[in-house]
Structures are given as structure tokens and as C-alpha cells.
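# Examination of the molecular architecture
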Amino acid sequence: DAAIKALDFAGGTVVHMTSGWSALVLCIILGKRKNYGREPMTPHSMTLCMVGTGMLWVGWYGFNAGSALGADAIAANAFTTTTLAAATAGFVWPMIEWSTRGKPSVLGFCSGIVAGLVVVTPACGFITPTSAVLVGVLAGIVPYLACSYLKKWIGYDDALDTFGVHGVGGTLGAILTGILADEKANSVVAGLKVGLLGAQLKAVVLTIVWSVVATAI
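A short tour of the structure in this document, coming up. (Residues numbered from 1 in each chain as written. Predicted model: local features only at pLDDT ≥ 70, side-chain atom pairs only at ≥ 80, totals over all residues. Heavy atoms only, no water.)

## Some remarks on the packing of aromatic side chains
Stated precisely, the cut-off is as follows: Only Phe, Tyr and Trp rings take part, Trp by its six-membered ring, and two of them pair if their centres are within 6.5 Å. Stacked means planes under 30 degrees apart, edge-to-face means over 60, and tilted covers everything else. Counting from the N terminus, the helices are DSSP H or I runs at least four residues long and the strands are E runs at least two residues long. For each residue, the accessible area found with a 1.4 Å probe, counting protein chains only, is set against the maximum for its type, and the residue is called buried under 20%, exposed over 50%, and partly exposed in between.
Counted under the stated rule, the structure contains 7 aromatic pairs. Between the aromatic rings of Trp 21 and Phe 163, the centroid separation amounts to 4.9 Å while the plane-to-plane angle is 80 degrees, which identifies the pairing as edge-to-face. Pair noted here: Trp 21 is in helix α1 (residues 12-30) and Phe 163 is in helix α6 (residues 162-180), with a separation of 142 residues, a long-range link. Here Trp 21 matches Phe 163 in class, with each residue buried. Ring centres of Tyr 156 and Phe 163 lie 6.0 Å apart, and the angle between their planes is 80 degrees; this geometry places the pair in the edge-to-face category.

## Here's the deal with the side chain of Gln 200
Cut-off, in case you're wondering: Note on contacts: a residue pair is in contact if any heavy atoms of the two residues lie within 4.5 Å.
Tracing the chain through its elements places Gln 200 in helix α7 (residues 196-216). Discounting residues that sit within four places of it in the chain, Gln 200 has contacts with Ala 6, Leu 7, Ala 174, Thr 177 and Gly 178.

## A closer look at the layout of surface pockets
Convention followed: Using a grid of 1 Å spacing that covers the protein atoms alone, one calls a set of points a cavity when a 1.4 Å probe fits there but cannot get out, and a pocket when the set is open and has protein on both sides within 12 Å along at least five of seven lines; lining residues are those with an atom within 4 Å of a point. Grid points are joined across faces, edges and corners, and a volume is the space filled by probe spheres set on the points. Basically, the charged four are Asp, Glu, Lys and Arg, the nonpolar ten are Ala, Val, Leu, Ile, Met, Phe, Trp, Tyr, Cys and Pro, and anything else, Gly included, counts as polar.
Empty space within the largest pocket amounts to approximately 1,200 Å³. In terms of lining residues, the largest pocket is bounded by 38 residues, among which Pro 43, Leu 107, Lys 151, Ala 159 and Asp 161 are the most central. Elements with a minimum of two residues in the lining of the largest pocket: α2 (46-64), α3 (73-101), α4 (106-120), α5 (129-154) and α6. Broken down by element, the residue count for the lining of the largest pocket peaks at 6 residues, all from α5. Of the residues belonging to the lining of the largest pocket, the class tally is 17 nonpolar, 12 polar and 9 charged.

Next comes the structure, spelled out in C-alpha cells:
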């Protein structure tokens, strides 16, 4: 059987990794916006940013819990883990801003929530609520570092930090699924636990290669 037996409950690889890595390629190909780096390019309305984040969070339950394809215990667990990861990341991201920049921001709060939603997506139906909090902590830290430092280091212009949040976050979520998946949350994990992390890494590499090459072409 040549199939890669990786887990992805609600589309972390096929939705977030593909879009995020594709976005990085497009940012590099298209280049920077006029006056990028020489003038502020902050969102024009934080009110709309908050409204949009709220709409995303509510809609994400259909995305994550709905992937159980039934109103059962797995759907309830996915709903719970999604909530905990998003809430935790929404707290951690602005706290990092507070410690590094002197104050938290509404944009950081919104970015943290979306990052938490992204990172937990592949894992939400396979992990426990306790693990979801850990996912949220890492979702608040790793994408923040990608958006704040990796972007400057590579030198690309990503207006919505699609790569930092969805590309990096989706990749992180896929890897964490291989580490934190628990048969207590979903019996499917029992038969796949041995070698699962390796399968997740194979899926990650394949997704990156596919997204980068196909987008470049």
C-alpha cells in the first residue's frame, strides 16, 4: 500500500498549507507593493477586522466540527478543541506583543484567533481538550514569529500574512497532529499511532512540493 496514512480531520493540509505555501510563491513572484516598508500599511478598519474574525470563528465550527459528518461525540470534541485552541492563541499572540512591543493590539488578538483555528484544524477531531490548549499556545507563538521575523528575513510582502498564519500554521498543525493524536479522542488513531509522525511529515513535504511547484508553474 503506497498511500501515506496521515491524519487531517478538517483540511489543514489541503486547505491551509496549500493556500499558505502558494501565497508565499505568489508574493515572491509579484514582488512588493509600492512604498512597502516606507509607509504604514495597517488595516484600514479594526472594527471590520473584529467583525470578520468573529464571522470566521463562528463559521469555523462548520468547517471543523462539521467534518465529523454527524452530531456525535467526535463532533462535540472537535467543537471543544477548536474553541480552546482559538481562545488560547487569541490570548498568547497579544501577550507576546505586550512583552516585545510594549502593548497588545486588536490586530494581534484577531491574528492569534485565526492562527489558533488554522493550527487546530487538522487535529481537532483527534486530540483531547488538554492538548488543544497546548496547540493554542504554539499557535500563538510560532505564526507570530513567522509574521514578525521570518517575513522580514525572507523579504517578501504578504499583505494578510497568509503564509505566516496559514502556511506556517497549517504545517505546524499537521506536525502536531502526529504528536498529539490520541485514541481517547478518536478510536481511528489507535491503528495509526505507530509511525504517525513520520506519515504526517511525508504529507507535509508532499503538500509543500505540490503547492510550490504547481503555483510557480
